[in-house]
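The lines below spell out each chain.
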Amino acid sequence: MNILVVGAGGQIGTELIPHLQSLYGEDNVIAADLKKDVVEKLSEISRSVVLDALDVNAYRELVSKNKIGRIYNLVALLSATGEKNPQLAWDVNMGALINSLELAREFNCSLFTPSSIGAFGHSTPHKNTPQDTIMQPNTIYGVCKVSGELLSDYYYTRFGVDTRSVRFPGIISNGALPGGGTTDYAVEVFYEILKTGHYTCPIPENTYMDMMYMPDALRACTDLMDAPAEKLIHRNSFNVTAMSFNPKELFAAIKKRVPEATFKYEIDPVKDKISASWPDNMDDSCARDEWGWNPQWLLDNMVDDMLTEIGKKVRK
Ligand code: AKB
C-alpha cells in the first residue's frame, strides 16, 4: 500500500514519515508539502513532492498516479495562529479536509485527519473529559476540528470512506518545532532553558492541559489506522492522552534536572483564554478499549529524553 502524508513538513509529519517508512517500507511513503524548501529537506529522507492541498486537481493527480491507499492529512493552521486570521484558518483547514475526503472517496483510500483537544470548549466538562460530550469550542481552530470530525463521520456513514482520527493533546517533540499552537510552550521551554537558562511562559502556572510525547503520537497515528474496523465503535475522533500537567509542574521537573534554570510568566491573553477553555485531562478509555491505545511516555521519562536530545542539538 502506498501512503501519502499531506502537510508533511510540520511537527508531526517530519517524524511520521520515517515512522511510516519503518513500518511499511521506504518506497511506499510519499511526503507532500506546500513549501518548496520544506520539500527539498524532506526529499533527503523520502519520496517528496510540492503540493497545495487546496488544489484538488494537483492532489487528485498525485493520488491517482501513485496508487495511494492511505492518506494522512496533516494540513492545519493551529489554534493561536487561527485566531489571527480566522477566515484563512477555515479555508485552509476545511479546504484540505474536504479535498482529502473527496479523493479518499474517489480512490478508496483510508484517511487519517488529526482532531485536537481544541475541539472542546468552556462548556465541556474539564476533568476526565468524556469521549462523547458537549463540544462547543471557542476558537476557529476548534470550530474546524468539530466540523471536521462531523464531516469525516458523515463520509464514513454516507459513503463508506474509512475515516479515522484522534483528538491530539499538545505534542511534545525534539524534531521540527510546533508553530502557532497554544501548547507550544511545553516544547519551547526546553530550547530556551538549554540555550539561555531562562524561560518566559505565556500560559498561567496553574493551567492544566493534556500532553503527549511524539513517539506515542506516532504510534497513535499508525495503531488506529491498522486497527480492525469491526472493533471500532467510534471513528472521528478518539480522545487520546498520555499525561496532564500545568506549567508549574513541568518547570519543577525541569528544575530538578537543571537546577540553575529560571522561569517567569508573561501571560499571552489569547493563549490564556484558549488554554482555559480546553480540558484539564481527558478520559481516553474508548481508545484503550477499541484499538489498544497504551501510551509509554509520562512526564519524567519525557523530560529526561527531551533534555538529552535537545541538549545534543543545542551543543552542535
Ligand atoms: C495547539 O495548541 O493548537 C495544538 C493542539 C492542541 O491542537 N497543539
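In this text the structure is predicted, and so the values were computed from the model without any measurement. Throughout this document, residue positions are counted from 1 along each chain, in the order its sequence is written. In keeping with the model being predicted, local features are shown solely for residues with a pLDDT of at least 70 and side-chain atom pairs are shown and tallied solely at 80 or more, while totals for entire chains, interfaces and linings include all residues. Each side-chain value is worked out from all heavy atoms of the structure, with water and hydrogens disregarded.

**Q** Would you mind going over empty space enclosed by the protein with me for this structure?
**A** Residues are said to line a cavity or pocket when one of their atoms sits within 4 Å of a point; the points come from a 1 Å grid over protein atoms alone, cavities being sets where a 1.4 Å probe fits but cannot get out and pockets being open sets with protein on both sides within 12 Å along at least five of seven lines. Grid points are joined across faces, edges and corners, and a volume is the space filled by probe spheres set on the points. Under the criterion given, the structure shown has 1 cavity of 30 Å³ or more. What the largest cavity holds in volume is close to 160 Å³. Lining the largest cavity we find 18 residues, and of these Leu97, Thr113, Pro114, Lys145 and Gly148 sit closest to its centre. Only DSSP runs of H or I with at least four residues qualify as helices, and only runs of E with at least two residues qualify as strands; both kinds are numbered from the N terminus onward. Secondary-structure elements contributing two or more residues to the lining of the largest cavity are helix H5 (86-107) and helix H6 (140-159). Looking at the lining of the largest cavity element by element, the count peaks at 6 residues for H6.

**Q** Would you take a moment to explain the sheet that holds strand S12 (residues 209-213) for this structure?
**A** Sheet strands pair by backbone hydrogen bonding; their relative direction is either parallel or antiparallel. Paired strands, as defined in this entry, are two strands with at least two bridges between them according to DSSP. Read across the sheet, 3 strands follow the order S10-S12-S14 without closing on themselves; strand pairing throughout is mixed. The open sheet has two edge strands with one neighbour each: strand S10 (170-172) and strand S14 (243-245). Between one strand axis and the next, the sheet turns through 40° on average, direction left out of account. Pairing of S12 with S14 involves 3 bridges; the strand directions are antiparallel. Residue pairing for S14: aspartate 210 is matched across the bridge by serine 244. Between the N-to-C directions of two axes lies an angle of 0 to 180 degrees, each axis being a line fitted to C-alpha atoms and, for a helix, fitted only over the stretch in contact.

**Q** Whenever I open this one, the pattern of salt bridges confuses me. Can you help?
**A** Definition used for salt bridges: Asp or Glu carboxyl oxygen within 4 Å of a side-chain nitrogen of Lys or Arg. Under the criterion given, the structure shown has 14 salt bridges. Here arginine 105 makes a salt bridge to glutamate 102, at a shortest N to O gap of 3.3 Å. Placement of the pair is arginine 105 and glutamate 102 together in helix H5, with a separation of 3 residues, close to one helical turn. For arginine 105, a relative accessible area of 38% puts it in the partly exposed group. Note that glutamate 149 is salt-bridged to arginine 167, the shortest N-O span being 2.9 Å. Residue glutamate 149 is found in helix H6, and its partner arginine 167 is found in strand S9 (residues 166-168); the two are separated by 18 residues along the sequence. Taken together, the salt bridges that share partners define one network made up of Asp162, Arg164 and Arg235. Throughout, exposure labels follow a simple rule: accessible area from a 1.4 Å probe, protein chains only, divided by the maximum for the residue type, with under 20% read as buried, over 50% as exposed, and the rest as partly exposed.

**Q** Help me understand the state of the cysteines, please; the structure alone is not making it clear to me.
**A** Covalently bonding the sulfur atom of one cysteine to the sulfur atom of another cysteine gives a disulfide. Disulfides are defined as cysteine sulfur pairs within 2.5 Å. Enumeration according to the criterion identifies 0 disulfides in this entry. Cysteine cysteine 109 remains unbridged, with the sulfur of cysteine 221 as its closest cysteine sulfur at 17 Å. Judged by its relative accessible area of 3%, cysteine 109 falls in the buried class.

**Q** Looking at this structure, how should I read the nonpolar core?
**A** For soluble globular proteins, nonpolar side chains are generally found buried alongside one another. By nonpolar core is meant a set of buried Ala, Val, Leu, Ile, Met, Phe, Trp, Tyr and Cys residues that side-chain atoms within 4.5 Å join together. Among the nonpolar cores identified, the biggest contains 35 residues, and Leu16, Tyr72, Phe168 and Trp291 are the most heavily contacted of them. Secondary structure elements with two or more residues in this core: strand S1 (2-6), helix H1 (13-24), strand S2 (29-33), helix H2 (36-42), S9, helix H8 (214-226) and helix H11 (285-291). Ranked by residue count, the leading element in this core is H8, at 7 residues. Only heavy atoms matter for contacts: two residues are in contact if any of them lie within 4.5 Å across the pair. When neighbours within four sequence positions are excluded, phenylalanine 168 is seen to be in contact with Ile12, Phe112, Pro114, Ser115, Ser116, Ile117, Met212, Ala217, Ala220, Cys221 and Val240. The next biggest cluster of nonpolar side chains, apart from the first, holds 32 residues, and it includes Ile193, Leu250, Phe251 and Met282.

**Q** Would you explain the site of the ligand in this entry?
**A** In the vicinity of the ligand, the contacting residues are Leu78, Ser79, Ser116, Ile117, Tyr141, Pro169, Gly181, Thr182, Thr183 and Trp278. A distance of 2.5 Å separates an oxygen atom of the ligand from a polar atom in the side chain of serine 79. With respect to the ligand, the side chain of tyrosine 141 contributes an N or O atom lying 2.6 Å from an oxygen atom. To measure how exposed things are, a 1.4 Å probe is used in the Shrake-Rupley method; for residues, cover is taken only from the protein chains shown. Alone, the ligand offers 260 Å² of accessible surface; in the complex the protein occludes 93% of this. A majority-of-atoms criterion places the ligand in the largest pocket. What makes a residue near a molecule or strand is one non-hydrogen atom of that residue sitting within 4 Å of it. Think of a polar contact as two N or O atoms within 3.5 Å of one another; within protein, one of them needs to be a possible hydrogen donor and the other a possible acceptor, and neighboring residues in sequence only count if both atoms come from side chains. For this analysis, a molecule is said to be in a pocket or cavity if more than half of its atoms are within 2 Å of the grid points defining it.

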